[in-house]
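Below, each chain spelled out in residue letters.
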Amino acid sequence: MANEIIKWQPVGDELVLIAVQVEVGSQHARGLEEDDLKPIQEWSMQTGCGKRTSFDVWRFSSESEMAMFRLRWIHD
């Protein structure tokens, strides 16, 4: 099975990231499902790092909070 990675997109100058899609290997992408985002939601609740404000949107209270989230969940 190919490694699945969620791709994120920043929203302008806001402290907001939107989950865009799940990349499956280098040749395929698919839409997001709740099961993709559930571990991130649980981590955010446990750490207080980021707040999920809708299905695919996370808002942050500071640059450092957003940086911690990016270090954990974004694999570029």
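Residue numbers here run from 1 along each chain, matching the order of that chain's written sequence. With the structure being a predicted model, the display of local features is reserved for residues of pLDDT at least 70 and the display and counting of side-chain atom pairs for 80 or more, all residues being used for whole-chain, interface and lining totals. Heavy atoms from the whole structure form the basis of all side-chain values; hydrogens and water molecules are not counted.

**Student:** What's the story with the overall build of the chain in this structure? I'm lost.
**Tutor:** Along the chain, the regular secondary structure elements total 2 helices and 5 strands. Along the chain direction, N to C, the helices and strands of the chain fall in the order β-β-β-α-β-β-α. All radius of gyration figures rest on C-alpha atoms, and the globule criterion is 2.2 Å times the number of residues raised to 0.38. Relative to the compact-globule value of 11 Å for 76 residues, the chain shows a C-alpha radius of gyration of 12 Å, a close match. On the principal axes, the C-alpha backbone points of the chain span a range of 35 × 25 × 20 Å. Look at the contacts in the chain between residues 6 or more apart in sequence, and 38% of them connect residues 24 or more apart. Segments assigned H or I by DSSP are reported as helices when at least four residues long, segments assigned E as strands when at least two residues long, and all are numbered from the N terminus. Contacts were defined at the residue level, with two residues in contact if any of their heavy atoms lie within 4.5 Å.

**Student:** Quick question: what am I supposed to make of the environment of Glu33 here?
**Tutor:** With respect to the helices, strands and loops of the structure, Glu33 is situated in the loop between strand E3 (28-30) and helix H1 (34-47). With a relative accessible area of 45%, Glu33 lands in the partly exposed category. Residues Glu33 and Gln9 lie 24 residues apart in sequence; the distance between their C-alpha atoms is 17 Å. The classification of residues rests on relative accessible area computed with a 1.4 Å probe and restricted to protein chains. Under 20% of the type maximum is buried, over 50% is exposed, and intermediate values are partly exposed.

**Student:** Hey, could you run me through the pairing of strand E1 (residues 4-10) in this one?
**Tutor:** Looking down a regular strand, the side chains alternate between one sheet face and the other. Two strands form a pair only when DSSP identifies at least two bridges running between them. Pairing of E1 with strand E2 (residues 16-24) involves 7 bridges; the strand directions are antiparallel. For Ile5, the partnering residue across the bridge sits in E2 and is Glu23. The antiparallel hairpin formed by E1 and E2 contains 5 residues in its connecting segment, where Gly12 sits at a positive phi of about 50°.

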